[in-house]
Every structure is written in structure tokens, then in C-alpha cells.
Amino acid sequence: MALITSLMSATLALPSLSNAAATTMVETIQPGQYIPNLIQNRYTQPYVLQALTQRTYFVATGTHNATFYVSDKGVMVIDPLSNGGAQSVIKAIKSVTDLPITALIYSHYHLDHLSDAQIFVDNAKKENVNLNIIAPEAVADQVTRYGNLVPVPTQVVSAEKNYFMFDELKVSITAANDTHSIDNSMFLLEGEGVLHYPDAIEPEDFIPYFRLVGALDIAPLENNLKKVKEMDWKYLNAGHGNIGSRKDIDKHLTLINDIRNSVNMAFSEEPFGKYFTPNADILVSVHKFHNGVAENALDKLKAKYGKHGRFDAAMKSHVELMITNLSYYQMPHQEQHD
């Protein structure tokens, strides 16, 4: 099939794929590189598309990312997205192949990643295609618990099996156990070197979304990120941000450690007695104390992170998460006062 004439201004020109996909060479990005100007273009264009391998693609639209894989028979999409993002993903797919979308994967039950699933179902019906909706057992359970607000998975992958085949591709599934959600899952496209692991980090964005991308407990997140570094992949689709690599995980782990150190120092410098309010409910004093610790820690973090555009918007939420975690799990350093 002839080369398509163009995609987006920020998207590489990519040839369309047919049943001879394996022999059609596409221009890929090197591991560790970012898509140029993605932060701007993802909001001003319908989508930004980037080939990671000869068969696997990264597509960004608005705030979210999806992954799709083109076999000799059809297309597999990981995460249908939301707010019309599915339409953009479908357009991106059609710009590189005329093969049908035959598989849709749910990574975790958060509707910002899943609520457009019905658009893929409707598209399959329109094209008279059998669409297989695949989900790990934990995700399928969440779909059921919340009343089947998205199309029910047609194939559930058990925790014991933890993989499925899409034509000749083996996709391994690992539970993230990172506390972003009880079902967050990682999908490794074996032989492709691509890992789809949403909502743990934001590659390129040095300061991530609120509360370390919605984490509840920091230690499990850190532990999982360290395990991810040991997995066999070259490209990371984190559901948001740019294309990720191990350097992005390292930056995120460094950020967490910097926040921990700053909060621990702040705890040691802010006596609780300074904020104690007599004759008031104890939570009034705790609230004032935690605010004081947060402001102290933020002052320490400004030297390294203060010039980042997200510092004022998001850093306090990360600090507050750390305060909660240290208070519950690690006994922060605090001076004792009479």
C-alpha cells in the first residue's frame, strides 16, 4: 500500500499497513527519546501518532494515551480512553492500516481510560467485525462491581494464567499492586519491547498529576516501579505524558525520595505544640500542624522544583500524600515538646 501523504505536523509520516504488515518498514523512534512538542500538540491536534516498532504504536489524544498493535489479521487496542478519545484512536489506526480492530483491552477500571469502549463496540458492529474485549480478572471484577457501565469483557484472563495471545503476539499481564487502583495492570507485548502501564508516572512531565498520579500508598508504588525497571521492555506507555523509559522511572523515584526527605525534615522542625489549639477538636490542631509541615517542606523543594510549571498546582498534593504516608507507616522524625 502506498505511503500516506501526511499525518499531523508533530507525527512522523508512516506508511499504511496491509496483510503484508511484517514486510512494510515504518520509521520508529529510538528508546529513551520523546516525541517533540507533544505537550502542546496533543491538545491542538486530533491525535499524535508514533510508531514504536514495526507493529506497535503510541497514540496520544488530549490528556490520555493508548497503545495499538497491528498483526497480519487485525488490530489490538489497549485502553479505549474517554471523552471522544476513542474516535481519535480509531482515526489514527485507519491512517496506518485498513485491517479491522478485533481486540480491545481494559487496563484498569477508571472511566477516564475506559468510558469510550462502546464507541469501539459500535465501530465493530458497523464494520461487521467480531470485537473481543479482554480484561484481567481483577479488572473484570471491578466492571461488575460498578454495574457494568462499560461493555462487559468477552475474555477474562485469570490471575493464574496472566497472559493471552493476540494472533502470534503473547501479551503478559502483571498486577501492578501500586495502590493507584486495586486492579491496575501492566501489559508487556513480548518480542515488541513495549510495556503499557498506566497511571504510575508521567514521562517527560517532571512533576506528575496530583498525589503522585493518584497513589494511595507510596511504598507499594516505589516497589513496583523498581520491579518494572527489571522487566524486558524498551518503550513505556504510561497512559499519560510522553513515551517513557527507565530514566523517567528514575526521575519519579528521585522525586519521591526528595519529597520524603523534605517532609521528614519539616516534621523535625515543626513542633506540634506550635499549632495546638486549646478547647478545639484535636483535628483542628492536626490540620494546622500538617499545613505547617507542608509549607515547610514546599519551601525546601522550591530550590530544585520551583521553576516547574506544575509546582504550585501539584506539588502540595504530593507533599500531603507523603505526610499521610509517613504518619501512618514510617513514624516521621519529630521533636518532642512538653
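Analysis parameters
Residue positions are given per chain, counting from 1 as you read along its sequence in written order. The predicted origin of the model limits local features to residues at a pLDDT of at least 70 and limits the giving and counting of side-chain atom pairs to 80 or more, whereas totals for whole chains, interfaces and linings rest on all residues. The basis for the side-chain values is all heavy atoms of the structure; hydrogens and waters are excluded. Using only the protein atoms, space was sampled on a 1 Å grid; points where a 1.4 Å probe fits but cannot get out form cavities, open sets with protein on both sides within 12 Å along at least five of seven lines form pockets, and lining residues are those with an atom within 4 Å of a point. Grid points are joined across faces, edges and corners, and a volume is the space filled by probe spheres set on the points. Polar here means any residue other than Ala, Val, Leu, Ile, Met, Phe, Trp, Tyr, Cys and Pro, which are nonpolar, and Asp, Glu, Lys and Arg, which are charged; Gly is therefore polar. Note that patches include only residues with greater than 30% relative accessible area and no salt bridge, and the join distances are 9 Å for like charges and 5 Å for nonpolar side chains (Val, Leu, Ile, Met, Phe, Trp, Tyr). Only the protein chains shown count as cover for residues, and the accessible areas themselves come from Shrake-Rupley with a 1.4 Å probe. Throughout this description, the term salt bridge denotes a Lys or Arg side-chain nitrogen within 4 Å of a carboxyl oxygen of Asp or Glu. In this description a helix means any DSSP run of H or I spanning at least four residues, a strand means any run of E spanning at least two, and both kinds are numbered starting from the N terminus. Burial classification: accessible surface area is computed with a 1.4 Å probe over protein chains only, and a residue below 20% of its type maximum counts as buried, one above 50% as exposed, and the rest as partly exposed.

1. Some details on empty space enclosed by the protein
Link 1 in the chain: Taken as a whole and assessed by the stated rule, the structure comprises one cavity of 30 Å³ or more.
Link 2 in the chain: Taken together, the residues of the lining of the largest cavity break down into four nonpolar, one polar and five charged.

2. Some details on a nonpolar patch on the surface
Link 1 in the chain: A cluster of nonpolar side chains, contributed by L111, Y146 and L149, occupies part of the molecular surface with about 320 Å² of accessible area.
Link 2 in the chain: Along the polypeptide, Y146 turns up in the loop between α5 (137-145) and β7 (155-157).

3. A word on the pattern of salt bridges
Link 1 in the chain: Under the criterion given, the structure shown has ten salt bridges.
Link 2 in the chain: Here E127 makes a salt bridge to K94, at a shortest N to O gap of 2.7 Å. Here K94 lies in helix α2 (residues 85-94) and E127 lies in the loop between α4 (117-126) and β6 (132-136), a separation of 33 residues in the sequence.
Link 3 in the chain: Judged by its relative accessible area of 32%, E127 is partly exposed.
Link 4 in the chain: A salt bridge links E222 to R260; the shortest N-O distance between them is 2.6 Å. Here R260 lies in helix α8 (residues 246-269) and E222 lies in helix α7 (residues 218-229), a separation of 38 residues in the sequence.

4. Overview of the layout of surface pockets
Link 1 in the chain: If you add up the space inside the largest pocket, you get close to 320 Å³.
Link 2 in the chain: Lining the largest pocket are 20 residues; nearest its centre among them are T63, E202, Y209, H240 and R310.
Link 3 in the chain: By residue number, the principal contributor to the lining of the largest pocket is helix α1 (residues 38-44), which donates four residues.
Link 4 in the chain: By residue class, the composition of the lining of the largest pocket is six nonpolar, seven polar and seven charged.
Link 5 in the chain: Of the voids in this model, the second largest pocket is the one considered here, and its volume is about 170 Å³.
Link 6 in the chain: Surrounding the second largest pocket, 16 residues form its lining, P136, A138, A159, N162 and A175 being those nearest its centre.
Link 7 in the chain: The set of elements that each furnish at least two residues to the lining of the second largest pocket consists of α5 and β9 (169-175).
Link 8 in the chain: Looking at the lining of the second largest pocket, the element that brings in the most residues is β9, giving three residues.
Link 9 in the chain: In terms of residue class, the lining of the second largest pocket is built from eight nonpolar, six polar and two charged.

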